[in-house]
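Chain by chain, the residues run as shown.
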Amino acid sequence: MLAMMLGAFGIGTTEFVAMGLLPEIATGMGVTEPIAGRVISAYAFGVVVGAPVIAIAASRVRRRVLLLALMVAFTIGNAATIFAPNYEMLMISRFLSGLPHGAFFGVAALVAAELAGPKSRAKAVAHVMLGLSIANVVGVPIATALGQQLGWRAAFALVATIGAITVVLLAAWVPDVPQPIGASMRGELAGFRNIQIWLTLFTGIVGFGGMFAVYTYISSTMQQETGLSRALVPLVLMLYGVGMVIGNLLGGAIADKALTPGLVGILVVLSIVLMMFSFTVHIPVLAVTNLMLIAIFASALVPGLQTRLMDVAGNAQTLAATANHSALNIANGLGALLGGVVISAGYGYGAPAAVGSALAVCGLLILLVAILLERRGSFPQAPISASVR
């Protein structure tokens with residue numbers, strides 16, 4: 001668990017640190033900040049492409065071997081970011097860095113759930129994802145501060161180092177979990193016909209996109225709207241990470257006790273706190289408190305969505321588990337895009353929160369459709385058993 005958590009820590013650091021260093025990346029590459037924001041979208045697009053392709057192509061690869069290969073690729077991609085000579089190569093290196101992201105999280109979640117047993121699946125998934133949350137408490141603030149002092153490339157040098165250490169720990173500690181009965185490329189491809197998988201993924205794409213609409217531009221929002229100094233941005237990112245840790249653990253506990261009602265309730269509250277942020281952004285204490293609430297309820301979605309996908313995926317377990325992170329990174333790109341649109345239109349850095357609230361409401365509506373179809377019997381496949389060969 002610790003080895004997989006460290007991998008999640010490295011991935012979380014590289015995914016979110018670019019958001020805190022957007023001004024530095026824009027200056028270093030000689031582009032505007034909205035243009036620099038496309039680097040985040042490039043990473044997210046890599047996740048979107050990599051997760052389903054790897055899940056299908058590697059459906060019969062032993063999960064321990066696959067985890068090792070994915071972390072090696074992640075480390076190489078981040079090393080390439082350090083040496084990117086121009087904006088175009090930076091975009092390519094970020095795309096390559098994103099390719100292993102979703103597959104690693106998906107496979108790690110399956111391994112964790114198998115080790116924990118059926119009664120603690122969501123908590124086990126949450127423990128792996130805890131690395132992502134801790135990254136926002138420790139990794140992102142440290143990497144952001146490092147990037148501000150030594151140049152943004154130093155932040156990705158730190159990430160590459162974390163990736164190399166993770167490879168060693170995965171090789172030493174992760175057991176060789178057998179593949180589930182029925183695992184095959186055909187079984188994974190069959191997941192594309194499962195409407196419940198698609199609806200759950202779209203719930204994440206739309207509902208989680210609201211958080212990214214705010215978080216992508218958090219550095220400039222805190223400075224220009226809230227009035228905090230540049231030196232306080234890493235502290236804000238740290239507090240946001242604390243909220244993610246709380247939300248991750250809360251979401252895992254809720255999902256193990258009341259999965260469907262819990263997801264509905266979380267989306268309702270998320271839509272409210274996002275809308276509140278657009279009104280509290282000018283008051284420092286309220287803005288930071290509100291930002292933590294956004295972190296808590298957005299992060300609480302992830303274990304529940306991952307667990308729901310396990311329940312509805314049938315024999316397409318790897319595809320569903322990895323596609324969840326494709327969905328969340330489409331949400332990343334969607335949120336960054338829509339947030340940039342309203343900022344560029346002159347509505348200010350507080351406006352993306354209102355867009356985010358609308359996205360959370362839309363995600364809730366999609367989930368309600370999925371629940372309605374499920375109750376009417378539109379459930380193509382029963383969940384597979386935990387038996388393995």
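Note that the coordinates shown come from a computational prediction; the quantities given were computed from them, not determined experimentally. (Residues numbered from 1 in each chain as written. Predicted model: local features only at pLDDT ≥ 70, side-chain atom pairs only at ≥ 80, totals over all residues. Heavy atoms only, no water.)

(A) The arrangement of the overall build of the protein in detail. When helices and strands are counted, the protein shows 17 helices and 0 strands. Against the 2.2 N^0.38 benchmark of 21 Å for 389 residues, the protein shows a C-alpha radius of gyration of 19 Å, consistent with a compact globule. Taken across its 389 residues, the protein has 59% of its residues classed as buried. About 14,000 Å² of surface is accessible on the protein, with carbon and sulfur atoms providing 73% of the total. (Helix = DSSP H or I, 4+ residues; strand = E, 2+ residues; numbered from the N terminus. Rg over C-alpha atoms; globule rule 2.2 N^0.38 Å. Buried < 20%, exposed > 50% of the residue type's maximum accessible area, 1.4 Å probe, protein only. Areas by Shrake-Rupley, 256 points an atom, 1.4 Å probe, with all protein chains shown as cover.)

(B) Layout of the nonpolar core. Within the largest apolar cluster, 100 residues are counted, with the highest numbers of intra-cluster contacts made by Met 4, Phe 208, Tyr 215, Leu 270 and Phe 277. Considering every element that reaches this core, the biggest residue donor is helix 15 (residues 284–312), with 13 residues. Leaving out residues up to four positions away in the same chain, Phe 277 has contacts with Val 214, Thr 221, Met 222, Ala 287, Asn 290, Leu 291, Ile 294 and Ala 353. Within the second largest apolar cluster, 11 residues are counted, among which are Ile 205, Leu 309, Ala 320 and Leu 359. (Core = buried A, V, L, I, M, F, W, Y, C linked by side-chain atoms within 4.5 Å. Contact = heavy atoms within 4.5 Å.)

(C) Focus on the pattern of salt bridges. Overall, the coordinates contain 3 salt bridges when judged by the stated rule. Of the charged contacts in the structure, one is a salt bridge between Arg 62 and Asp 176, with a shortest N-O distance of 3.4 Å. You can see Arg 62 sitting in the loop between helix 4 (38–57) and helix 5 (63–82) and its partner Asp 176 sitting in the loop between helix 9 (152–173) and helix 10 (185–190), a full 114 residues away along the chain. By relative accessible area, which is 43% here, Asp 176 ends up partly exposed. (Salt bridge = Lys/Arg side-chain N within 4 Å of Asp/Glu carboxyl O.)

(D) Here's a closer look at the side chain of His 101. Summarising the element assignment, His 101 is placed in helix 7 (residues 101–116). If sequence neighbours within four positions are ignored, His 101 has contacts with Ile 11, Glu 15, Tyr 43, Val 47, His 325 and Asn 329.

(E) Representation of the packing of aromatic side chains in the model. What the rule picks out here adds up to 8 aromatic pairs. An angle of 70° between the planes, with centres 5.4 Å apart, marks the rings of Phe 208 and Phe 212 as edge-to-face. Within this pair, Phe 208 and its partner Phe 212 are both found in helix 11 (residues 195–215), separated by 4 residues, close to a single helical turn. Relative accessible area serves as the criterion here: at 2%, Phe 212 is assigned to the buried category. Members of the aromatic cluster, connected to one another through ring pairs, are Phe 16, Phe 208, Phe 212, Tyr 215 and Tyr 240. (Phe/Tyr/Trp six-rings, centres within 6.5 Å; stacked < 30°, edge-to-face > 60°.)

(F) Quick look at the packing of helix 14 (residues 259–280) against helix 17 (residues 351–375). As a packed pair, helix 14 and helix 17 sit with axes 7 Å apart at the nearest point and diverge in direction by 165°. What the angle tells us is that helix 14 and helix 17 run roughly antiparallel. Viewed along their axes, helix 14 and helix 17 form a crossing whose handedness is left-handed. On the side of helix 14, the interface is formed by Thr 260, Leu 263, Val 264, Leu 267, Val 268, Leu 270, Ser 271, Leu 274, Met 275, Phe 277 and Ser 278, while helix 17 contributes Ala 353, Ala 354, Gly 356, Ser 357, Ala 360, Val 361, Gly 363, Leu 364, Leu 367, Leu 368 and Ile 371. Looking at the contact of helix 14 with helix 17, its residues break down into 16 nonpolar, 6 polar and no charged. (Axes fitted to C-alpha atoms, helices over the stretch in contact; angles between N-to-C directions. Parallel < 35°, antiparallel > 145°, perpendicular 65-115°, else oblique. Left-handed = near helix turned anticlockwise from the far one by under 90°. Nonpolar A, V, L, I, M, F, W, Y, C, P; charged D, E, K, R; others polar.)

(G) Looking closely at the side chain of Ser 299. Among the structural elements, Ser 299 can be located in helix 15. Note on Ser 299: relative accessible area 5%, which makes it buried. For Ser 299, the side chain forms a polar contact with the main-chain oxygen of Ala 295, separated by 2.9 Å. In contact with Ser 299, not counting residues within four places along its chain, are Phe 208, Met 244, Gly 247 and Asn 248. (Polar contact = N/O pair within 3.5 Å; in protein donor to acceptor, adjacent residues only side chain to side chain.)

(H) Spatial organisation of helix 17. Taking 1.5 Å as the rise per residue, helix 17 with 25 residues should run 36 Å; its terminal C-alpha atoms sit 37 Å apart, in good agreement. Three or more residues of helix 17 are buried, namely Ala 351, Pro 352, Ala 353, Gly 356, Ser 357, Leu 359, Ala 360, Gly 363, Leu 364, Leu 367, Ala 370 and Ile 371. Elements in contact with the buried residues of helix 17: helix 11, helix 14, helix 15 and helix 16 (317–344). One or two residues past the end of helix 17 sits Gly 377, with phi positive at roughly 100°. (Expected span 1.5 Å × (residues − 1).)

(I) Spotlight on the packing of helix 11 against helix 14. In the contact formed by helix 11 and helix 14, the axes pass within 10 Å of each other and the chain directions differ by 25°. The pairing of helix 11 with helix 14 is recorded here as roughly parallel in orientation. As for the relative orientation of helix 11 and helix 14, their crossing is left-handed in sense. For the pair formed by helix 11 and helix 14, the contact residues are Thr 203, Gly 207, Gly 210, Met 211 and Val 214 on the first element and Leu 267, Leu 270, Leu 274 and Phe 277 on the second.

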